[in-house]
Amino acid sequence: MNFELRVFLAKRIIGSKAYKSSVSAPIIKIGIAAIAIGIVVMMIAIATGIGLQQKIRDKVVAFNGHVTISNFDSNNSQESIVPISKNQEFYPEFKEVDGIKHVQAVATKFGIIRTETDFEGAVFKGVGQDFDWSYFQEFLIEGKLPSFTKKWSEEVLISQYLADRLGFKVGEKFQMVFAKNDTEKAPNIITFNIVGIYNSGFQELDQQYLIGNIRHIQRINNWEEDQIGNFEVFISDYSQLDQKGIEIYQNTPSTLNTITVSNKYSSIFEWIKIFDKNIYGIIGIMILVAGINMITALLVLILERTQMIGILKALGSNNWSIRKLFLYNASYLILLGLFWGNLLGLGLLFAQKYFKLFPLDPSVYYVSEAPVYISLGYIVGLNIGTLILCLLMLLIPSYIITKISPVKAIRFQ
C-alpha cells in the first residue's frame, strides 16, 4: 500500500459520517481533549516554573550581584567591617575573565531609622557613580532614583516595606543613627531625604536595605575615599555562574574572598531548584495521561474497522502498511489536540504576562504575581516531544492488527 493510498484511507476514516456518529467518536474527542489539556498544563508548568526561578534569582542578584568580592576578615557580616582599596587590577573593568558585564564598589552599614514615634533597624547600602541602577529602575514604584554626581548627597532610595512601617513618603526627611567603631564615642546621626520608593517583592531583602551615597559610610568609618566594603560583579550568562565564580577567585588577590550569590543564599536557590523536579514530574504525568487516552482511542478505532482491516489484508496489504494507516489517523488526532492546546495555553500565558490575572503571596513566593517565561524553543520542543512520545506509545496497541485474521475479520460484526 503506497503512501498516497494510506493517507486517502486515513482521511476517509476520520472524515466519514459513519465515524462521526460511531461509538468511537466521543472517545476520540476525549483523546483530543486529553492532548490539549496536557499541552496547556505542561506549558503553564514550564512557563511559570522558569519564570519564578528567573524572577527570584534576578531579585537576589539586584541586591548582591552574581559574585561578591570581599575581605576575608568580613566574617560574613551584613556590615562592611574591613575596607578594601578600589585600586585593583579588576576594577573598574574585569578584563582577565570573559563574560563579566559590570563591576561596582559598595559598602554597607547597619543603622537605626528613628522618628518621633517609632524606630526601625536597617542596612544602609552605600553606592557610588558606578552603581548599576537597571534592576532598581524596574522595582521603582514612586519618585526617582538617587543621583550621586556630587561628592555629598543625602538622597536615598527606601523600600515600600520600610516606608509603610514608618509612614514615610517621597520628599520627606528622616534621621538615621549609626554607631561608631569606638562605642565610647557618640553615634553619628545623618538626615536623609527620600527621593524614591522601591518594591522588589522580595520582602526578606526589602525589609533590610535602603540605598544611599557610599561617602557617608566612608566618613563614619574614617575610611579614605578609595576604600570600600566589597565589590559586586555581574556576569552575562547566569548558567556559567559557578565557573565564573572560580575564574574570578583565581584572578583576585589572595587577601580577597569571593562568593557566588547561589552560595550566599543557598537555601533560596536550593528551593527554586525544586521547581525543575516539579516541572519534569508534571510533563511526565501529562504525557502518560494523554498517551493512555490515545491508546484507548486507537484500540476502539481498530475494533470498529476490523472488517476493513480484513479486506485490506485479503487484497494483499501487509501488517505494517495497515498499522501505518492507523498511525497516520492517530497523528492527525494528536496534531489536532496540539493545535487547540497551544491556542489555549499561549492565550493564557500572554494574558497573565500582560494583564497579571493570577496574583501570588510575595511573603511565600517573593513575587506579587505569577511570572511567565515564553520561549519559542521550549514550545516547539514540547510539541515535537509530545507527538513523538505519543506515537511511540501507540506502536504497541497497533500491533494487535497483526493478530487479525482476514477471514474472521471480514465476518466480524
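Described in the following lines is the structure provided in the data block.

Parameters at a glance
Residues numbered from 1 in each chain as written. Predicted model: local features only at pLDDT ≥ 70, side-chain atom pairs only at ≥ 80, totals over all residues. Heavy atoms only, no water. Helix = DSSP H or I, 4+ residues; strand = E, 2+ residues; numbered from the N terminus. Contact = heavy atoms within 4.5 Å. Buried < 20%, exposed > 50% of the residue type's maximum accessible area, 1.4 Å probe, protein only. Polar contact = N/O pair within 3.5 Å; in protein donor to acceptor, adjacent residues only side chain to side chain. Core = buried A, V, L, I, M, F, W, Y, C linked by side-chain atoms within 4.5 Å. Patch = residues over 30% accessible without salt bridge, like charges linked within 9 Å, V, L, I, M, F, W, Y side chains within 5 Å. Areas by Shrake-Rupley, 256 points an atom, 1.4 Å probe, with all protein chains shown as cover. Salt bridge = Lys/Arg side-chain N within 4 Å of Asp/Glu carboxyl O. Axes fitted to C-alpha atoms, helices over the stretch in contact; angles between N-to-C directions. Parallel < 35°, antiparallel > 145°, perpendicular 65-115°, else oblique. Left-handed = near helix turned anticlockwise from the far one by under 90°. Nonpolar A, V, L, I, M, F, W, Y, C, P; charged D, E, K, R; others polar. Phe/Tyr/Trp six-rings, centres within 6.5 Å; stacked < 30°, edge-to-face > 60°. Lys NZ or Arg CZ within 6 Å of the ring centre and 35° of its normal.

1. So, the environment of Ile 69
Then step 1. By secondary structure assignment, the location of Ile 69 is in strand 1 (residues 67-71).
Then step 2. Taking C-alpha positions, Ile 69 is 14 Å from Ile 81, a pair spaced 12 residues apart along the chain.
Then step 3. If near-sequence neighbours (up to four positions away) are discounted, Ile 69 is found in contact with Ile 84, Phe 90, Phe 94, Asn 230, Phe 231, Val 233, Ile 248, Thr 252, Leu 256, Asn 257 and Thr 258.

2. Focus: the environment of Gln 352
Then step 1. Relative to the helices and strands, Gln 352 is located in helix 12 (residues 319-355).
Then step 2. Relative accessible area serves as the criterion here: at 4%, Gln 352 is assigned to the buried category.
Then step 3. It is 35 Å that separates the C-alpha atoms of Gln 352 and Leu 394, two residues lying 42 residues apart in sequence.
Then step 4. Setting aside residues no more than four positions away along its own chain, Gln 352 makes contact with Leu 357, Phe 358, Glu 369, Ala 370 and Val 372.
Then step 5. Within the structure, the side chain of Gln 352 is placed 2.9 Å from the backbone nitrogen of Leu 357, a separation counted as a polar contact.

3. Let's talk about the nonpolar core
Then step 1. By size, the foremost hydrophobic cluster in this structure holds 71 residues, and its most contacted members are Trp 133, Phe 136, Phe 174, Met 176, Leu 210 and Phe 231.
Then step 2. Filtering out sequence-adjacent residues up to four positions away, Phe 174 remains in contact with Ile 113, Val 156, Phe 168, Ile 190, Thr 191, Phe 192, Ile 194 and Leu 210.
Then step 3. Listed in part, the 38 residues of the second largest apolar core include Met 43, Ile 283, Ala 297 and Phe 326.

4. Looking at a nonpolar patch on the surface
Then step 1. Side chains of Leu 376, Val 380, Ile 384, Ile 388, Leu 389 and Leu 392 sit close together on the surface and give an oily, nonpolar patch of about 550 Å² of accessible area.
Then step 2. For Val 380, the position within the fold is in helix 14 (residues 376-395).

5. Some remarks on the packing of helix 12 against helix 14
The relative placement of two packed helices comes down to the angle between their axes together with the axis-to-axis distance.
Then step 1. Look at helix 12 against helix 14: their axes get within 10 Å of each other, and the N-to-C directions meet at 150 degrees. Classed by the angle they form, the pair helix 12 and helix 14 counts as roughly antiparallel. As for how helix 12 packs across helix 14, the hand of that crossing is right-handed. Where helix 12 abuts helix 14, its residues Trp 320, Arg 323, Leu 327, Ala 330, Ser 331, Ile 334, Leu 335, Leu 338, Asn 342, Leu 346 and Leu 349 lie against Tyr 378, Ile 379, Asn 383, Thr 386, Leu 387, Cys 390, Leu 391, Leu 394 and Leu 395.
Then step 2. By residue class, the composition of the contact of helix 12 with helix 14 is 15 nonpolar, four polar and one charged.

6. Notes on the packing of aromatic side chains
Then step 1. Evaluation of the coordinates by the stated rule reveals 25 aromatic pairs.
Then step 2. Measuring from ring centre to ring centre gives 5.6 Å for Phe 63 and Tyr 209, while their planes differ by 35 degrees; the resulting arrangement is tilted. Taken as a pair, Phe 63 in helix 3 (residues 24-64) and Tyr 209 in strand 9 (residues 209-213) lie far apart in primary sequence, 146 residues in all. No difference in accessibility class separates Phe 63 from Tyr 209, as the two residues are buried.
Then step 3. Between Phe 90 and Phe 231, the aromatic rings sit 5.0 Å apart at their centres with planes inclined by 80 degrees, giving edge-to-face as the arrangement. With Phe 90 in the loop between strand 2 (84-85) and strand 3 (100-114) and Phe 231 in strand 11 (residues 230-235), this residue pair connects regions lying 141 residues apart in the sequence. No difference in accessibility class separates Phe 90 from Phe 231, as the two residues are buried.
Then step 4. In this structure an aromatic cluster arises from ring pairing among Phe 63, Phe 131, Trp 133, Phe 136, Phe 139, Phe 148, Tyr 198 and Tyr 209.
Then step 5. Residue placement shows Arg 215 over the ring face of Trp 152; its charged tip is 5.1 Å from the ring centre.

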